Amino acid sequence: MSKSRTTGRAALIGTILMLGLAVLWSRTPAYLDVGREAVVRLQLVPIPEGPHSRPFSLHSQPGSLPLSLVQDQIPPRLPRPLAQGFSCRFGGNVEVGLEDGRTLRYGPCRRPAEIERLRQAMLRAFDEHG
């Protein structure tokens, strides 16, 4: 088999694989099957280290702020966390605790727009309520 034929086949196989991945990616829903009513806790966590923020909690806990201060900024349906890439090593996560015990982590470098709005609301609540 000639070199040009082998190169052509490799290119064709690469194209087919890329198209397959694009189709799979496009079918991945942008939102999880989780609504705002499942959220019981929110917290900002620095990456890679540093002091954690006070949590916002549905249930009164020592040192926490009431979740109701930012509850209206929680998206009705939670988005999927975004891929961060290899160069993302610094920033902060928005951690969303769910009633079933799972924790969703958004960040540290890239967050869906809805989660960034929630993060900003959390920061404003810290300024207003200590």
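Look above for the structure.
Residues numbered from 1 in each chain as written. Predicted model: local features only at pLDDT ≥ 70, side-chain atom pairs only at ≥ 80, totals over all residues. Heavy atoms only, no water.

Student: When you look at the pattern of salt bridges in this model, what are you seeing that I'm missing?
Tutor: Think of it this way: side chains of opposite charge can pair up when their charged atoms draw near. The tally for this structure, following the rule as stated, stands at four salt bridges. A salt bridge links Arg102 to Asp100; its shortest N-O distance comes to 2.8 Å. By relative accessible area, which is 43% here, Arg102 ends up partly exposed. A salt bridge links Glu116 to Arg111, with the shortest nitrogen-to-oxygen separation between them at 2.9 Å. The network of salt bridges with shared partners includes Arg111, Glu116 and Arg119. (Salt bridge = Lys/Arg side-chain N within 4 Å of Asp/Glu carboxyl O. Buried < 20%, exposed > 50% of the residue type's maximum accessible area, 1.4 Å probe, protein only.)

Student: What's the story with helix α2 (residues 113-129) in this structure? I'm lost.
Tutor: Each α-helix turn comprises 3.6 residues. Residues three or four places apart therefore point the same way. If you check α2, its first and last C-alpha atoms are 24 Å apart, about what 17 residues at 1.5 Å a residue would give, namely 24 Å. By the burial criterion, the buried members of α2 are Glu114, Ile115, Leu118, Ala121, Met122, Ala125 and Phe126. Each buried residue of α2 sits inside an arc of 145° when the element is viewed along its axis, so together they form one side. Facing away from the buried side of α2, by more than 90 degrees, are the exposed residues Asp127 and Glu128. Two residues or fewer after α2 comes Gly130, characterised by a positive phi angle close to 75°. (Helix = DSSP H or I, 4+ residues; strand = E, 2+ residues; numbered from the N terminus. Expected span 1.5 Å × (residues − 1). Arc of directions from axis to C-beta.)

Student: Before we go on, may I ask you to explain the pairing of strand β6 (residues 91-98) in this structure?
Tutor: As a general feature of sheets, a regular strand has side chains that alternate between the two faces. In terms of residue burial, β6 counts as a mostly covered element, since six of its eight residues are buried. When strand β2 (residues 39-47) meets β6, the two strands line up antiparallel, connected through eight bridges. If you follow Arg41 over to β6, its bridge partner there is Gly97. Bridging between β6 and strand β7 (residues 103-106) involves four bridges; their strand directions are antiparallel. Bridging from a neighbouring strand, Glu95 pairs with Arg105 of β7. (Pairing = 2+ DSSP bridges.)

Student: Is there a simple way to explain the nonpolar core in this structure?
Tutor: Side chains of nonpolar character tend, in soluble globular proteins, to be buried together. Leu42, Phe56, Val70, Leu78, Val96 and Met122 are the most contacted members of the largest nonpolar core, which totals 23 residues. No other element matches α2, which puts six residues into this core. (Core = buried A, V, L, I, M, F, W, Y, C linked by side-chain atoms within 4.5 Å.)

Student: Help me understand the environment of Asp100, please; the structure alone is not making it clear to me.
Tutor: Checked against the element boundaries, Asp100 lands in the loop between β6 and β7. Judged by its relative accessible area of 48%, Asp100 falls in the partly exposed class. When the C-alpha atoms of Asp100 and Val40 are compared, they prove to be 9.3 Å apart, with 60 residues separating the residues in sequence. Here Arg102 takes part through its side chain, which lies 2.8 Å from a polar atom of the side chain of Asp100. (Polar contact = N/O pair within 3.5 Å; in protein donor to acceptor, adjacent residues only side chain to side chain.)

Student: Can you help me understand unusual backbone geometry in this one?
Tutor: The bulk of non-glycine residues show a negative phi, and the bulk of peptide bonds are trans. The omega angle of the peptide bond from Ile47 to Pro48 is 10°, so this bond is cis rather than trans. The amide bond that connects Gly107 to the next residue, Pro108, takes the cis arrangement and shows omega of 15°. Position of Pro108 among the secondary structure elements: in the loop between β7 and α2.

All we've got here are geometric facts, nothing functional implied.
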